[in-house]
Each structure stands twice: as C-alpha cells, then as structure tokens.
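Breakdown of the fold
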Amino acid sequence: MEKQAVDGARRAFNSGRSRPLQYRKQQLSALLRLIRERQAEIVSALKRDISRSEFDTPIFELIGIENDIKLAERNLADWMAPQPVKKTLLTITDDVYIKAEPLGVVLIIGAWNYPWSLTLRPLVGAIAAGNAAVVKPSEVSKSSASLLKELLPQYLDTEMYPVVTGGVPETQELLKQRFDHIFYTGNSTVGKLVMEAAARHLAPVTLELGGKSPCYIDKDCDIAVACRRITWGKFANCGQTCIAPDYILCHPNIQHRVIEEIRQTLLEFYGEDPKTSPDYGRIINQHHFDRLLALIEGCTVAVGGESDKSQCYITPTILKDVLPHARIMQEEIFGPVLPIVTAGDVNEVIRFINERPKPLALYVFSSNKKVVRRMLNETTSGGVLVNDVMVHYTINALPFGGVGNSGVGRYHGKHTFDQLSHHRACLIKSLAMERLNMARYPPMTPSRLRTSMFFLRSRSGSCDQALRAWAVVSSLLRYSDIIVICFG
Amino acid sequence: MSSFGVFEMESQRQIIERLRAAFQSGVTAPLQFRLTQLKSLLSLLEDNEPQILEALQKDLAKPKFEAVLSEIDMVVNDLCYTINSLPTWIQPSYVGKNLATKLDDCFVRREPLGVVLIIGAWNYPLQLILAPLIGAIAAGNCAILKPSEISRATERLLAQLIPKYLSQECFAVICGGAEETKSLLENRFDHIFYTGSQAVARSILQAAAVHLTPVTLELGGKCPCLIYGRLDMLAAAKRLVWSKFFNAGQSCVAPDYVLCTPEMREELLPAIAKALSIFYGSQPKQSEDFSRIVTDRHWDRLMALLGKTQGRVVMGGEGSKEDKYFAPTVVVDLDGSDALMQEEIFGPIMPILTIESLEQGITFINQREKPLALYVFSDESQVVNMVLERTSSGGFCSNDGIVHMTLPGLPFGGVGASGMGSYHGRWTFETFSHRRGCMLRGWGLERISMLRYPPYTESNLSWLRWATSAKKKSWGVCSVM
C-alpha cells in the first residue's frame, strides 16, 4: 500500500506535470481553499485530538500555512527564474546562473502537536518547488490524520500528493522506499532512525526536532511583561510545542517574583480552575500524561501539580529550585510543567546552556543590551528570541530549524522552497572564441601557463573592478589575435 | 595509528576533545582570527609551491600545468575571494521589516557549528581538502582534516605543513586508512564534509545519523556528454578531449561517456584524434602533459573494464603498469548494458554510444542516476535548453567541460546519487555555518500583545488574523503579537 503510493507519486512526477508554474499555483490555491473552506472541520478534529481551543487553531496552525501559500503564489515565478551570478574574466560572454529544480518525490512525516501546520507547510514548499510528495500525518493525532486523508484528495492531485496513514509499521515500510528528500518533524530518537533509513538511498533530510528550549529572565527586565509572555507561550497547546520555553533560568533573588507573576497571569488567562477554561488544552494521550507526572515527581511544586487521569488533564504547574540533574532536566518536557533553575549570573547561565545539547529556541528576557549581546554571541540555538517567546516562528522570512540535536535544515516561506529544490549550477557557453581557450590546452609552455593564470587569478580586491578592466583588455587581446592572424 | 597533533601519539579522541575545548573557548569566533588563519593558509601555498608540485607529481604524475591551475590556483583564488568577502558575509542579514515589525529587529546570524571533519579524496588531493577548509575556517569552526591515504605524498606534506601554518589548537590533520576513518567517525562532529565514492558515503551518512550530524557529500557518477545538432566539431572535440583526459580522466566532473548520432560520430572520431595529437603528440606516453593512474589497483580496474567491454577500441587501449600509464582510449559500438556503462570510469577511457534522436539521448540519461555534471555540445540553443529542462544533474555546462566548477559564484555539488550539499566561494562558508533566526522585541505595545492572550474572544481573534496574515500588497508578514 505504501509502495503503491510512492510508485504512483513517482510516476506522476516523471510525467512532468508538476513542473509548470501554472500547475504549482493551481495546487497551492486549491490547498488554500481547503484550509479556508474546511476550517470548521479542522477545528473539530483538533478539539478531539488535543482539546485545542478553537481560537488557537487559526493562529497557531492555519495562518502560517496561509501565509506560506500566499508568499509562494506571489513570488513563485521569481523563485523559479534563473539567478545569475558573478562571472569571471573567461566567462564574461557566457550565461552563468543557478536554477532551482524539483528534486522528485519528497516524503513528509508530520507530528501530532500541530498536525496541520507541521504537515502542510512542508507540503507547500514541496509543491512550490515542483515535487511530488507523499504525506504521512502522525497517527497520534488520529482525527486530524483521517480528516487529512479524506480532504487532501478532494482538492489536490491525488496521484502526485498521496496521503498515507498508519503507525510505526507503515512508517517503517515507507522509509524502505526511495525518496529524493525526507522531511521529518518529531523527536531526536526517531530523527536518527529517519536519517539512517535515508542514508541507504543517499537521500538528504530535513529534521525538525526539539530539545529543551531555555528561557533566561535577567534581573534587569520588565518581569511582569516577561512572565505574561512566557506564560502564554508555555501553556498554549498545553505546553506541547517544540519551541515552548522548556525551563526558566533566573537569579535566586527574583525566583519568587517570577512565580507570583506567572501565577497571577495564569489566573487571568484560565481562571481559578483551568480545567473548566475552554482555552486550556489537554495532554495528547495516556502515555504522555504518565510521562509528565513521572517528571514532576521529586520536585518542589510552587504552583499547580494537580491532574486528572480520566481527562489527561494536568493543571499549569511551576516547579521551583529545580536541580540541574533532576530527571525533568534531562528530557524535553513537552507539557504544562515549568521548572525554574536558579543561576547566579550571566556567566553561569551561558555555561549551563552550552553544556547541554543545542536547543531549537533560546529565549532571553533582558533590557540590558550587553547581556543580550553576550547571549547572542556566546551561545547557539536553532533560533533566538529576545523579550518574547515563540513569535519568531511567525516571520516566514526567518529560517526556522534546529542545529545539532535540535535538527538539520530549515524551512518556512522561501526557505522551504529552497530546501526542497536542487540549485543547479549552469554555465551556458558557445563554441566560439576558441582562441581564448587555447591558453589552457596542452602542450604546455611557460607563456601559455602565464596567460591562463592571468585570466583565472582573482587576487585583486574588487571583482567588479577587475572585471571591468579586463573586459576592455580581453577585447583588445581578441582584437590583437585577429591582427596577429592577419599579419602574423 | 598515525596522527599528527601537537602532542606525539595523541589519540583521535584526545585531538577531538582538544579542538572542542578550543572551540568552546571562543578563540575561532573573532573575524580577526579567521582572517589570520586564512592568510596563513595562503602563505602555506605561496611558500611551498615547489614541494606541492613535487608531491602531486609523485602521487599522480600530475603535469605542472594541471597542478598549478586545478590545485594550487583554485585554492588560492577561493582564499582571496573569501578573505576579501568575509567581513561582509559574517554580517547579520536583516529580513522583512514592515509597518508592524518596525519596532522589532529580525535578522539571520551566521554562526559556527563547532568541530567539523573534512575527508579528502586522492584525485585532487590538495584542492578537495583545502577548499572545504577555507569555508570551515571562514565560518569560525575548528576542523580535522583527513586527507586520502592513497595520495600518500600529498597526505604527508599536508600533515607536515598544516601544523606549521595554522593554529594547532584549532586544526589538526589525522592520517590513516579505512580503519582510522571508521574509528574517527564514531566520534561526534558538528558537520562532516566528504568527497569520494557512493559506497563509502552511505556508511558516512549512517555514522552521522547516530549523532544527527549534517553532512555534505561530494560524490560522483557517470557524467553524460551529449553532442547533437549543428556545431563546430573540432572546437567541441578539443574541449571534450581536454575535459575528459585532464588528470588522465580522474576527475569527478570529467565527461564519463558520449552520446551522439552515428553520423556525428563519423565527424567526431577524427576530430578527437586530431585534438589528442595536438595536445599530447603522437606518443602520449612521452608527453609531459598527460598524467598517470593513481595506483596499480586502479590501473588494473581500468584494464579489466577494457577487457570486459563488448565495444570496439578505436583509439588507445594500451598501457604500461610499471609507470601506471594508460593511453587515451576511445571505445565505440557499445550499449547501455556494457561493462563500461555500469560504474563511473574515472580514467582515460571514452565510450561513445550512438543515439537516433535527442529524445532517445535524454531518455537514456534520465534512466540513470542523476550525475554530478551534465554536458551538451551544440550550437543550437533549443537543443541545449531541451536537455537542460528535461534532465537533472549537480551542475550543467554547455559547450565545455569541467570549467563550471571553477566559477566562485556557482555552488558546486551533486543531487541524488551524486551527492548532497554544495560548496565553493560563499557556498562553503554557508555550508559550515548555522543560520540562526533572531528576533529582538521591545517591551512596548503590550496592549497589542494582549490580543493574543486568553481568555480568547472572537473579536481578538479577528484582529489578530488581520494583523498577522500576509497582505495583498507588499506588506509581507506582519507580526503584531
């Protein structure tokens, strides 16, 4: 079944119909219609899957897809056009450019926490780049997976973009097939398996993974605003966001204030009993619910800590004075539990962050430019956001992706198009001007070598100046060749 | 185990740990450090040209001309270009600021990855290891070089010279064969850059998967050369012969085989013969400008291929094992199932296959793995365009061979089985950098931020949607969150 889908997609790709600009735009606008026309059904599916608030869905999932589609529709002709590059002296009359080309058949493996965005945004790029794509939504978000399987064929070219549903065995079967690129969003463990499977066919991969995204609150900042923004980012989707602030680092002296500000904000957002708030979600399933409760064990609960197994409900929880070696600090939390680790100064914070795997996102709250500069210069992460959380995700001009353990590759906006294209280097020459070429042919003489080196060397400062100067000289040389032929 | 580090008999692990500590200390980050190292590398090449030429002569009998142009000068050019451009490249690039994000700063920083591993190849033993190193240094990384053990003289020279010119804290050369490479790959690197064969590439990717290490693979394959339509046959033959027999055919971008109609083949063969005689004389073995095969084993492989072919040898075919000379050879009357068409030739054997039409030629090419380079010789632009549109390859060059990889503005790399990633010029710098998306917000406009907070309301939602969706005109993406 999986093999059939892949073979069909390859046949469709080989037919060449996914290449023309018109086709790509058509498919993209059909995808846009899907999102707009079927929003109500998507919202219900997400409610069933993850108790997602109907207000979170457009903002967190659908707008990103829409923006990517609109950006591609507006700019696709430009993206597909050859991009000329700087020439050298010998190629001054040639056409030199880079041309974006489709790769072929792309496999897109989605995740369960934002099942629409994380599956369809890569698809937007795949379509824009002229590829076929096999879409494998996460089986954990069951309703979304089956809705996608039902809806996509109603809007898109079914053969070109088949949806394959299923669990681990189906995914493994898919990974045995040959793809021209594999785009995976999920955790590092499976990410390694995907990369290993891709290695067999020498397929390139994009891995959008996760990790523990640190959130540093400096003494010198607007703590109230900081805490409000952090609370919003941490507890949206019940903490199940790859770029949620995973844990807080702050000076022991402000820990209490931070806890109080967050507690106050939680009241404003979700009321006395978040369980009854329509805006507060649930944990996706029992397995993750149990995992999170185990992480809380042994830690000091400052706020929350209650849970209800029957609803997979965990109240927004803050843990204080968490030790670096605590279990909760060893894995990505991915839930509504916020540990606070205290650190004496910025040096300690930087050291703490650098001792750990490179995170997907780093958050810094500070009004002190020096602190901000140090954090930017002395750490690394997929992305970094100062004085807010998560919203960098909405700027599709920024490349979104991890580094090290948090991932390989990047996407959003044009970056997805680039990631799923082959940028082919093209040199279009003519057979004329053979005399200029003579210098490079054997048999070698010192003077021929000197001439070749003269033309190929780029020692002087500005390429432009050199080019202009030698455009003149090379014309003269050509002219002199003719003179030599006539009179030589 | 032969490793050359600061301390004698340092193990691989110790070298890697030392480099990692140096990286973490931040010493490679400043622009000044990077420029100093790059300029030192330039001095290494300028001060040691005779020794380099001698090593290349020993390894491949590389003619001085080829060695200067394709090894030393390529690296020198890339170095100069990088040194001049680096101050610009490391600047953050600002992105899409519009009305709503005027109070925010959004930019992309290029950051070093850490400790990278560069594995070289034997056919251009200097260029293929130093060109990646340029970008690794420029991007602020520490690097371990693992030159090919097959080009032994160059390996030894690099092991001797690199520690003399570059910071020994940050750059090391590790020598050895398959065993040493295997154990090296068990360590974690922040990027692995490999040039070589597909078979080894698979095991490198698998080793990289364990640590989620990104890789660049510069592989090979069979680069087709299509000759079709109206053209100046002698000019085409010269360029074809030059690119095919440069380095005795041992280039990843050498035209591997030729496709043309039977009529064109009649014109092509004498043109090739003429070009060969102009270039290498009547006795290529005596010509100083023709290289040798790198090892006995490779020479044997090529001879065996000739032995197995169903085709007819019309030029060359002879060789002498003592000096690893293999004559420029042309084979005709063979088809796609021939022994010469199953693997990358990587030697001075040129099979010429006939096709009835351009369509047939394109189909033939597309039935095979995507090559590193694809060549078309034709004066008819519609022929060139048709091949360009209907095929895929790492790079494409019409009416010449190899030279597209000398242009610093073009990314050099494969696609599909011919590789992943690209480099040269700025592309090497980008390969060894992490593009970090950065956003700096202020504290103000919290009233607008409040639109996004719970308790959620329909009216807040519709304001937010308006504010954050892309507009028809060139507002780009607004972020008023």
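Owing to the predicted nature of the structure, the values given are computational and were not obtained by experimental measurement. The numbers attached to residues start from 1 for each chain and follow its sequence in the written order. Lettering of chains starts at A and numbering of ligands starts at 1, both following the order in which they are written. Side-chain atom pairs in this predicted model are given and counted only at pLDDT of 80 or more, local residue features only at pLDDT of at least 70, and totals for whole chains, interfaces and linings cover all residues. The basis for every side-chain value is the complete set of non-hydrogen atoms in the structure, without hydrogens or water.

Concerning the overall build of chain A
Helix and strand counts for chain A stand at 17 helices and 17 strands. With the C-alpha coordinates of chain A rotated into their principal frame, the extents come out at 100 × 55 × 35 Å. Contacts were defined at the residue level, with two residues in contact if any of their heavy atoms lie within 4.5 Å. Of all intrachain contacts in chain A linking residues separated by at least 6 positions in sequence, the fraction that spans at least 24 positions is 72%. If you sum the accessible surface of chain A, you get close to 18100 Å²; carbon and sulfur atoms cover 54% of it. Positive charges are assigned to Lys and Arg, negative charges to Asp and Glu, while His and the chain termini are left out of the count. Working definition for charges: the position is that of NZ of Lys, CZ of Arg, CG of Asp or CD of Glu. Once the 58 positive and 50 negative side-chain charges of chain A are each reduced to a mean point, those two points are 9 Å apart. The secondary structure listing takes helices from DSSP runs of H or I that are at least 4 residues long and strands from runs of E that are at least 2 residues long, numbered from the N terminus. Surface accessibility in these figures is a Shrake-Rupley result with a 1.4 Å probe; residues are shielded only by whichever protein chains are displayed.

Remarks on helix α4 (residues 64-89) of chain B
An α-helix turns once every 3.6 residues. As a result, residues three or four positions apart point the same way. Take the seven residues that end at a residue and the seven that start at it, fit an axis to each, and the angle between those axes is the bend at that residue. Aspartate 73 of chain B marks where α4 of chain B bends most, by close to 40 degrees. Within α4 of chain B, 22 of the 26 residues are buried, leaving the element largely enclosed by the surrounding structure. Residue exposure (1.4 Å probe, protein chains only): buried if accessible area is under 20% of the type maximum, exposed if over 50%, otherwise partly exposed.

Things to note about the state of the cysteines
In this description, the term disulfide denotes a pair of cysteine sulfurs within 2.5 Å. Overall, the coordinates contain zero disulfides over all chains when judged by the stated rule. Among the cysteines around cysteine 250 of chain A, which has no disulfide bond, cysteine 227 of chain A carries the closest sulfur, lying 8.6 Å off. Just so you know, cysteine 106 of chain B is unpaired, no disulfide at all, and the nearest cysteine sulfur is the one on cysteine 438 of chain B, 9.4 Å from it.

Brief notes about the packing of aromatic side chains
Each aromatic pair joins two rings of Phe, Tyr and Trp (for Trp, the six-membered one) with centres within 6.5 Å, and gets the label stacked for planes under 30 degrees apart, edge-to-face for over 60, and tilted for any other angle. In the structure shown here, the tally under the stated rule is 28 aromatic pairs over all chains. With a centroid separation of 5.4 Å and an interplanar angle of 40 degrees, the aromatic rings of tryptophan 89 of chain B and phenylalanine 429 of chain B are classed as tilted. Linking tryptophan 89 of chain B in helix α4 with phenylalanine 429 of chain B in helix α14 (residues 426-431), this pair joins segments that are 340 residues apart in sequence. According to the relative accessible area criterion, phenylalanine 429 of chain B is buried, its value standing at 1%. Residues phenylalanine 412 of chain B and tyrosine 423 of chain B carry aromatic rings whose centres are separated by 6.2 Å and whose planes lie at 55 degrees to one another, so their mutual orientation is tilted. Within this pair, whereas phenylalanine 412 of chain B is found in the loop between β17 (395-398) and β18 (419-420), its partner tyrosine 423 of chain B is found in the loop between β18 and α14, the two being separated by eleven residues in sequence. Given the relative accessible area of 4%, phenylalanine 412 of chain B is considered buried. Classification of tyrosine 423 of chain B by relative accessible area gives buried; the value is 0%. Among the aromatic residues, those joined into a cluster by ring pairs are Phe269, Tyr270, Tyr280 and Tyr313 of chain A together with Tyr453 of chain B.

A word on the UniProt feature "active site" (unreviewed entry) in chain A
Residue and element names in this part refer to chain A. UniProt positions are given in the numbering used here, feature names are shortened, and annotations may be inferred rather than shown by experiment. In the numbering used here, UniProt assigns the feature "active site" (unreviewed entry) to Glu208 and Cys242. The named residues occupy 35 residues along the chain; their greatest pairwise C-alpha distance, 9.0 Å, places them in one compact cluster. By the secondary structure assignment, glutamate 208 is in strand β6 (residues 205-208). Discounting residues that sit within four places of it in the chain, glutamate 208 has contacts with Phe183, Tyr184, Thr185, Gly186, Phe400, Gly401, Ser406, Gly409, Arg410 and Tyr411. We classify cysteine 242 as buried; its relative accessible area is 13%. If we skip the residues at most four places from it in the chain, cysteine 242 touches Asn113, Leu209, Ser213, Glu332, Phe334 and Leu360.

Here we look at the confidence of the model for chain B
Do not read the fine detail of predicted coordinates wherever pLDDT is low. Residues and elements named next belong to chain B. Within chain B, residue pLDDT values average 92, and 94% of them lie at 70 or more. Note: pLDDT gives the predictor's confidence per residue, expressed from 0 to 100. Under a pLDDT of 50 for its full length, residues 1-7 has, in the predicted model, 17 contacts with residues more than four places off or in other chains. A low-confidence stretch, residues 473-481 (pLDDT under 50), is modelled with 38 contacts involving residues beyond four sequence positions or located in other chains. For this predicted complex, the interface confidence score (ipTM) comes to 0.92, while the overall pTM stands at 0.93.

Considering the side chain of threonine 329 of chain B
Turning to its location among the elements, threonine 329 of chain B is positioned in strand β14 (residues 329-332). In contact with threonine 329 of chain B, other than residues within four places in its own chain, are Phe245, Leu306, Val313, Met315, Gly316, Gly317, Pro348, Ile349 and Met350 of chain B.

Looking at the sheet that holds strand β4 (residues 132-136) of chain A
Pairs of strands are assigned from DSSP output, requiring at least two bridges between the strands. Pairing in this open sheet of five strands is mixed, and the strands run β4-β3-β5-β6-β16 (chain A) from one edge to the other. This sheet does not close on itself; its edge strands, each paired only once, are β4 and β16 (407-408) of chain A.

Points about the interface of chain A and chain B
Counting residues at the interface gives 109 residues for chain A and 108 residues for chain B. A simple way to read buried area is as the amount of 1.4 Å-probe accessible surface that goes missing from two parts once joined, with both sides added. Here chain A packs against chain B, burying approximately 9300 Å² in sum over the two surfaces, 59% of which is carbon and sulfur. What counts as a salt bridge is simple: a side-chain nitrogen of Lys or Arg found within 4 Å of a carboxyl oxygen of Asp or Glu. Taken together, chain A and chain B are joined by eight salt bridges. The shortest N-O distance in the salt bridge between arginine 178 of chain A and glutamate 369 of chain B comes to 3.0 Å. Polar contacts, as used here, are pairs of N or O atoms within 3.5 Å; protein pairs need one atom able to donate a hydrogen and one able to accept it. Residues neighboring in sequence count only if both atoms are side-chain atoms. Summed over the shared surface of chain A and chain B, the result is 42 residue pairs in polar contact (both at pLDDT 80 or more). Looking at the side of chain A that touches chain B element by element, the count peaks at eight residues for helix α4 (residues 56-80) of chain A. For the side of chain A that touches chain B, the class distribution of residues is 53 nonpolar, 30 polar and 26 charged. Pairing between strand β15 (residues 383-386) of chain A and strand β19 (residues 433-440) of chain B: four bridges, direction parallel. Just so you know the grouping, Ala, Val, Leu, Ile, Met, Phe, Trp, Tyr, Cys and Pro go in nonpolar, Asp, Glu, Lys and Arg go in charged, and all remaining residues, Gly too, go in polar.

Structural notes on the pattern of salt bridges
Residues and elements named next belong to chain A. Under the defined criterion, the tally for this structure stands at 49 salt bridges over all chains. Across the pair glutamate 101 and arginine 424 runs a salt bridge whose closest N-O atoms are separated by 2.7 Å. Of this pair, glutamate 101 sits in strand β2 (residues 95-102) while arginine 424 sits in strand β17 (residues 421-428), and the two are 323 residues apart along the sequence. Relative accessible area serves as the criterion here: at 3%, glutamate 101 is assigned to the buried category.

Observations regarding unusual backbone geometry
The step from proline 442 of chain A to proline 443 of chain A runs through a cis peptide bond, and the omega angle for that step is -5 degrees. Relative to the assigned elements, proline 443 of chain A resides in the loop between α15 (434-438) and α16 (446-456). The phi dihedral of leucine 202 of chain A is positive, around 55 degrees, even though this residue is not glycine. When you line up the elements, leucine 202 of chain A lands in the loop between α8 (188-200) and β6. Here lysine 324 of chain B, not a glycine, exhibits a phi torsion of approximately 55 degrees, which is positive. Here lysine 324 of chain B lies in the loop between β12 (319-320) and β13 (325-326).

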